[in-house]
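Listed here are the chains, written in short residue letters.
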Amino acid sequence: MANLNQQRIKKTVRKFSDLIERNKDRRAYSDYKEGINEGLEMAKDTFEENVEKFLSSVPDEDPVAKVQSLQDRFNLIIDTIVVKEKPNYSPDHLDGIYEGFEKSKKIFGECLREYYYPDIE
């Protein structure tokens, strides 16, 4: 059972990481775009650091409730990230980071629906 959970955790991390990479903005350089990509990267790293306690602490409920519970937990983790202002962060860059956080919440929802419950609308 533990081995199965480890495999599921690794697959979930890989799936989320792949979705983050596919959703990064590839357009020409701008502070805002770079901020979005940095926010996505921070969200991915935060998820990877917390994935075991995050996924293992969700009780077995009906699939829809489980997906909602995981989404709520992820949103809470992302909402508690504090971005330390750096001298090289423009206001546009900071706005982009927070936009990246919001985008990561949607991507995580896609990850959950696609990976765990593809039949749930």
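Residues numbered from 1 in each chain as written. Predicted model: local features only at pLDDT ≥ 70, side-chain atom pairs only at ≥ 80, totals over all residues. Heavy atoms only, no water.

Before going further, it helps to examine the packing of aromatic side chains. On inspection of all chains with the given rule, the structure shows seven aromatic pairs. Plain terms: the ring middles of Phe16 and Phe74 are 5.5 Å apart, the flat faces sit at 75 degrees to each other, and that makes the pair edge-to-face. Here Phe74 lies in helix H3 (residues 63-79) and Phe16 lies in helix H1 (residues 2-23), a separation of 58 residues in the sequence. Exposure class is identical for Phe16 and Phe74. Each is buried. The interplanar angle of 80 degrees and the centroid separation of 5.5 Å between the aromatic rings of Phe16 and Phe108 together place this pair among those described as edge-to-face. Here Phe16 is found in helix H1, whereas its partner Phe108 is found in helix H4 (residues 91-115), with 92 residues between them in sequence. Pair check on accessibility: Phe16 and Phe108 agree, each one buried. Ring-pair connections join several aromatic residues into one group, and the members of that group are Phe16, Phe47, Phe74 and Phe108. (Phe/Tyr/Trp six-rings, centres within 6.5 Å; stacked < 30°, edge-to-face > 60°. Helix = DSSP H or I, 4+ residues; strand = E, 2+ residues; numbered from the N terminus. Buried < 20%, exposed > 50% of the residue type's maximum accessible area, 1.4 Å probe, protein only.)

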